[in-house]
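# Results of the structural survey
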Amino acid sequence: ACCMEIWQAVFPDIIPKDNYQTQLSNGRFQGLILELKGRFHCVVLKFGIVQAIRILDEGIVQNDLYSCSSLSNLKSEGFKDIIYEVIDGEFGKQIQNISCGYYDALEERHYVIITNDYNIDVVTEWQPEITILPIQKNT
C-alpha cells in the first residue's frame, strides 16, 4: 500500500547540506536535543519536551518507505531540507490511537529528521529551536 503521508519542508534552506552524524539526548528537564555534526556545520535542534520519538536506522527504512511517489522526489534530491513536517503520517496516527484524543487536543506536530545514519520521528506541540554553528577547523 502506498503511503498517504505528505512531507513538507518546514524550515526550507535553513539547515545547510552536509553529511550529518546524529547525537541525541532526551531528558525530563531539557527535553529532546538533536545535535547534527557535519564536516562543515553543527546544527542543534532543541525540541523541548516531546510526546513521542522514534529512531530508525536509515538502512531499514529507505527503500520501502521512500518508493512512495510523494517521497521519491525528496529522496532524489537527497532530502536536502533535513527536517520535514509530516501530514497524515503513520507514526503520528499510531500516537493518536494510543493517546485516545489527547494528541488532537494538543495540536501535535509530527516532524521527521533525515540524517546519514537515522530517520528520527518526533511528535510534539512545539517547533524546534534551531542553532547552526560552523565547525572550527584547526589550522
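It should be noted that the structure appears before, not after, this text.
This section reports on the structure supplied with the text. (Residues numbered from 1 in each chain as written. Predicted model: local features only at pLDDT ≥ 70, side-chain atom pairs only at ≥ 80, totals over all residues. Heavy atoms only, no water.)

Read across the sheet, four strands follow the order S2-S3-S4-S9 without closing on themselves; strand pairing throughout is antiparallel. Strands with a single pairing partner mark the edges of an open sheet, and in this sheet they are strand S2 (21-27) and strand S9 (129-134). Going across the sheet, the axis of each strand differs from the next one's by a mean of 15°, ignoring polarity. Pairing of S2 with strand S3 (residues 31-37) involves seven bridges; the strand directions are antiparallel. Residue pairing for S3: Ser-25 is matched across the bridge by Ile-33. (Pairing = 2+ DSSP bridges. Helix = DSSP H or I, 4+ residues; strand = E, 2+ residues; numbered from the N terminus. Axes fitted to C-alpha atoms, helices over the stretch in contact; angles between N-to-C directions.)

Moving on, we come to the packing of aromatic side chains. Counted under the stated rule, the structure contains two aromatic pairs. Aromatic side chains Trp-7 and Tyr-84 sit 5.8 Å apart centroid to centroid with 40° between the ring planes, which places their arrangement in the tilted category. Here Tyr-84 lies in strand S6 (residues 83-87) and Trp-7 lies in strand S1 (residues 6-9), a separation of 77 residues in the sequence. Taken as a pair, Trp-7 and Tyr-84 share a single burial class, namely buried. A ring pair is formed by Phe-47 and Tyr-111, whose centres lie 5.9 Å apart and whose planes are at 55°; its orientation type is tilted. Here Phe-47, found in strand S4 (residues 41-48), pairs with Tyr-111, found in strand S7 (residues 109-114); they are 64 residues apart in sequence, far enough to count as distant. There is no split in this pair, since Phe-47 and Tyr-111 are both buried. (Phe/Tyr/Trp six-rings, centres within 6.5 Å; stacked < 30°, edge-to-face > 60°. Buried < 20%, exposed > 50% of the residue type's maximum accessible area, 1.4 Å probe, protein only.)

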